[in-house]
Amino acid sequence: MADILLVLDTLMERIVEIAILLFEFIGVGIIIYSGLRGFQLYLKRSPATKLTLAKGLAMGLEFKLGSEILRTVIVRDWHEIATVGGIIALRAALTFLIHWEIKEEEKESHQTEHN
């Protein structure tokens, strides 16, 4: 029975490690794409530049936050848990600030359209 639990634990760790890498990769890819797209819109002087960039950054951070949450499954000691918790708090705060910026930008854009 102990052997089966050890195998299942090892299997879960490998699956979680692969998922973490996948989520990190997707998050970084989205952030890079959003940065390039934002720069392209900036060069065109598009009014949607800030909103497009913020939405892309928020989505990328969501994937990176997901990878950190998964990382909590495989950490084993309190020091690692504290480190991961700090990273999660920081990324959650950044995500919150970006979502707030998106709402403010959308509200400002909506007011501009009606004036």
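Residues numbered from 1 in each chain as written. Predicted model: local features only at pLDDT ≥ 70, side-chain atom pairs only at ≥ 80, totals over all residues. Heavy atoms only, no water.

### Side note on the pattern of salt bridges
Then, number 1: This structure, assessed with the given rule, holds 12 salt bridges.
Then, number 2: Between Arg91 and Glu68 there is a salt bridge; the shortest N-O distance is 3.1 Å. Separated by 23 residues along the polypeptide, Arg91 in helix 3 (residues 78–114) and Glu68 in helix 2 (residues 49–74) bring together distant segments of the chain. Residue Arg91 shares its accessibility class with Glu68, and that shared class is buried.
Then, number 3: By sharing partners, the salt bridges in this structure join Glu24, Lys64, Glu68, Arg71 and Arg91 into a single network. (Salt bridge = Lys/Arg side-chain N within 4 Å of Asp/Glu carboxyl O. Helix = DSSP H or I, 4+ residues; strand = E, 2+ residues; numbered from the N terminus. Buried < 20%, exposed > 50% of the residue type's maximum accessible area, 1.4 Å probe, protein only.)

### So, helix 3
Then, number 1: Taking 1.5 Å of rise per residue, 37 residues should cover 54 Å, and helix 3 covers 53 Å from first to last C-alpha, within 8% of that figure.
Then, number 2: Three or more residues of helix 3 are buried, namely Val84, Arg91, Thr95, Ile98, Ile102 and Glu105. (Expected span 1.5 Å × (residues − 1).)

### Here we look at a nonpolar patch on the surface
Then, number 1: Together, Met1, Ile4, Leu5, Leu8, Leu11 and Ile15 make up a nonpolar patch on the protein surface, roughly 660 Å² of accessible area in all.
Then, number 2: Checked against the element boundaries, Leu8 lands in helix 1 (residues 2–43).
Then, number 3: Using a relative accessible area of 48% as the deciding quantity, one classes Leu8 as partly exposed. (Patch = residues over 30% accessible without salt bridge, like charges linked within 9 Å, V, L, I, M, F, W, Y side chains within 5 Å. Areas by Shrake-Rupley, 256 points an atom, 1.4 Å probe, with all protein chains shown as cover.)

### Side note on the packing of aromatic side chains
Then, number 1: Counted according to the given criterion, the structure contains 1 aromatic pair.
Then, number 2: On the numbers, 6.0 Å between centres and 85° between planes, the contact of Phe23 with Phe63 is edge-to-face. Here Phe23 is found in helix 1, whereas its partner Phe63 is found in helix 2, with 40 residues between them in sequence.
Then, number 3: Over the aromatic face of Tyr42 sits the side chain of Arg45, whose NZ or CZ is 5.2 Å from the ring centroid. (Phe/Tyr/Trp six-rings, centres within 6.5 Å; stacked < 30°, edge-to-face > 60°. Lys NZ or Arg CZ within 6 Å of the ring centre and 35° of its normal.)

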